[in-house]
Amino acid sequence: MTGEAAFYNNLNLSFAEARRLIEAGAESRHAAAHHPVVATIGADGIPSQRVMILRHVDWAERRLRFHTDSRSTKIDDLANKSAASVLIYDPEPKIQLRLSGSAIVHWEGAAADAAWRQSTNFARRCYLAEHAPGMVVEQPTSGLPEWVEGRQPDDAEIAPARDNFAILLFTFDSLEWLYLANSGHRRARWQWDSAVANWHGFWLAP
């Protein structure tokens, strides 16, 4: 249709655009996909959502990597039930992406160690927090020790934070696309077919 994007009525191009948007989230802090909403299911069966920073995308493995505090309640959520989902919305092209799959947390191992090494000391600083995320406190606080507020710690000072650092690896097997267009919305879904190691896409009613 005249005036619409090339992917408007094309499943393959829509999938390629979805991939581009997701990968951009790990490459640029200005991209909408840089801070998606990650949802897990608590032990009480109630879904819980939070915004997280997308650190890395491995498209071949269908995997997104996030960093998290090992004391976070989401760790208990995933220990109880690994099902998770990721929601991305880019307001400029008006595209919503919903990814469904499972997540696992690693505190130790080569992947966690590499992610820690690749982080800056300023980014690592939040893992020096004295209290677990979500803990009730008596007064407003950044959670950080006073000595590190407002400055970047050196390598020796940041070392104890490694104990509180973990990576969350989310593997998706379903990708749903919604494109909001004045001339008519478009919605599609792709499911990973493990038998042929490829994606199978189909249109949905918006």
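Note: the structure precedes this text.
If you're wondering where the values come from, they're calculated on a predicted model, not measured in any experiment. (Residues numbered from 1 in each chain as written. Predicted model: local features only at pLDDT ≥ 70, side-chain atom pairs only at ≥ 80, totals over all residues. Heavy atoms only, no water.)

Comments concerning the overall build of the protein chain
(1) Moving on: The helix and strand inventory of the protein chain stands at 5 helices and 9 strands.
(2) Moving on: Reading the secondary structure of the protein chain in the N-to-C direction produces α-β-β-β-β-α-β-β-α-α-α-β-β-β.
(3) Moving on: C-alpha extents for the protein chain along the principal axes are approximately 60 × 35 × 35 Å.
(4) Moving on: Counting only residues that meet the buried cut, the protein chain has 42% of its 206 residues in that class.
(5) Moving on: Element-wise, carbon and sulfur atoms account for 50% of the exposed surface of the protein chain, whose accessible area totals about 11500 Å².
(6) Moving on: Across the protein chain, the 21 positively charged side chains and the 25 negatively charged ones have centroids separated by 5 Å. (Helix = DSSP H or I, 4+ residues; strand = E, 2+ residues; numbered from the N terminus. Buried < 20%, exposed > 50% of the residue type's maximum accessible area, 1.4 Å probe, protein only. Areas by Shrake-Rupley, 256 points an atom, 1.4 Å probe, with all protein chains shown as cover. Lys, Arg positive; Asp, Glu negative; His and termini not counted. Charge placed at Lys NZ, Arg CZ, Asp CG, Glu CD.)

Some details on the pattern of salt bridges
(1) Moving on: For the structure shown, the criterion picks out 9 salt bridges.
(2) Moving on: Residues Arg 50 and Asp 77 are paired through a salt bridge, measuring 3.7 Å at the closest nitrogen-oxygen approach. You can see Arg 50 sitting in strand 2 (residues 47–51) and its partner Asp 77 sitting in helix 2 (residues 73–80), a full 27 residues away along the chain.
(3) Moving on: With a shortest N-O distance of 2.8 Å, Arg 162 and Asp 113 are connected by a salt bridge. Placement of the pair is Arg 162 in the loop between helix 5 (155–158) and strand 7 (165–179) and Asp 113 in helix 3 (residues 110–118), with a sequence separation of 49 residues.
(4) Moving on: Take Arg 162: its relative accessible area is 17%, and that puts it in the buried class.
(5) Moving on: One network of salt bridges, in which partners are shared, links Arg 98, Glu 176, Arg 187 and Arg 189. (Salt bridge = Lys/Arg side-chain N within 4 Å of Asp/Glu carboxyl O.)

Quick notes on the layout of surface pockets
(1) Moving on: Here the largest pocket defines a volume of roughly 340 Å³.
(2) Moving on: Lining the largest pocket are 20 residues, and of these Met 52, His 67, Thr 68, Lys 74 and Tyr 127 sit closest to its centre.
(3) Moving on: When contributions to the lining of the largest pocket are tallied by element, the ones reaching two or more residues are strand 2, strand 4 (63–69), helix 2 and helix 4 (121–124).
(4) Moving on: Looking at the lining of the largest pocket residue by residue, the classes come out as 9 nonpolar, 6 polar and 5 charged. (1 Å grid on protein atoms, 1.4 Å probe; cavity = no way out; pocket = protein on both sides within 12 Å on 5 of 7 lines; lining within 4 Å. Points joined across faces, edges and corners; volume = space filled by probe spheres on them. Nonpolar A, V, L, I, M, F, W, Y, C, P; charged D, E, K, R; others polar.)

Let's talk about the pairing of strand 8 (residues 186–193)
Note on strand geometry: in a regular strand, side chains alternate between the two faces of the sheet.
(1) Moving on: In this sheet, strand 8 lies alongside strand 7 in antiparallel orientation, the contact comprising 6 bridges. Within strand 8, the residue paired with Leu 178 across the bridge is Arg 187.
(2) Moving on: In this antiparallel pair of consecutive strands, strand 7 and strand 8, the connection spans 6 residues, and Gly 184 shows a positive phi of 135°.
(3) Moving on: Here strand 8 pairs with strand 9 (residues 198–204) via 7 bridges, running antiparallel. (Pairing = 2+ DSSP bridges.)

Here's the deal with the environment of Gly 25
(1) Moving on: Within the secondary structure, Gly 25 sits in helix 1 (residues 11–27).
(2) Moving on: Separated by 49 residues in sequence, Gly 25 and Lys 74 place their C-alpha atoms 22 Å apart.
(3) Moving on: Each residue touching Gly 25, except ones within four places of it in the same chain, is listed here: Ala 31, Ala 33, His 34 and Leu 54. (Contact = heavy atoms within 4.5 Å.)

A word on the nonpolar core
(1) Moving on: In this structure, Leu 64, Leu 97, Leu 99 and Phe 170 are the most contacted members of the largest nonpolar core, which totals 35 residues.
(2) Moving on: Every element with two or more residues in this core is listed here: helix 1, strand 3 (54–58), strand 4, helix 2, strand 5 (83–90), strand 6 (95–106), strand 7 and strand 8.
(3) Moving on: Here the element with the most residues in this core is strand 7; it accounts for 7 residues.
(4) Moving on: Ignoring sequence-local partners within four residues, the contact set of Leu 97 consists of Ala 18, Leu 21, Ile 22, Val 86, Leu 87, Ile 88, Leu 175, Glu 176 and Trp 177. (Core = buried A, V, L, I, M, F, W, Y, C linked by side-chain atoms within 4.5 Å.)

Concerning the packing of aromatic side chains
(1) Moving on: Inspection of the entire model under this criterion finds 13 aromatic pairs.
(2) Moving on: On the basis of an interplanar angle of 70° and a centroid distance of 5.8 Å, the ring pair of Phe 15 and Trp 59 is categorised as edge-to-face. Here the residue Phe 15 occupies a position in helix 1, and Trp 59 occupies one in the loop between strand 3 and strand 4, the gap between them amounting to 44 residues.
(3) Moving on: On the accessibility criterion, Phe 15 (15% relative accessible area) is buried.
(4) Moving on: Positioned above the aromatic ring of Trp 116 is the side chain of Arg 124, whose terminal nitrogen or guanidinium carbon lies 4.7 Å from the ring centre. (Phe/Tyr/Trp six-rings, centres within 6.5 Å; stacked < 30°, edge-to-face > 60°. Lys NZ or Arg CZ within 6 Å of the ring centre and 35° of its normal.)

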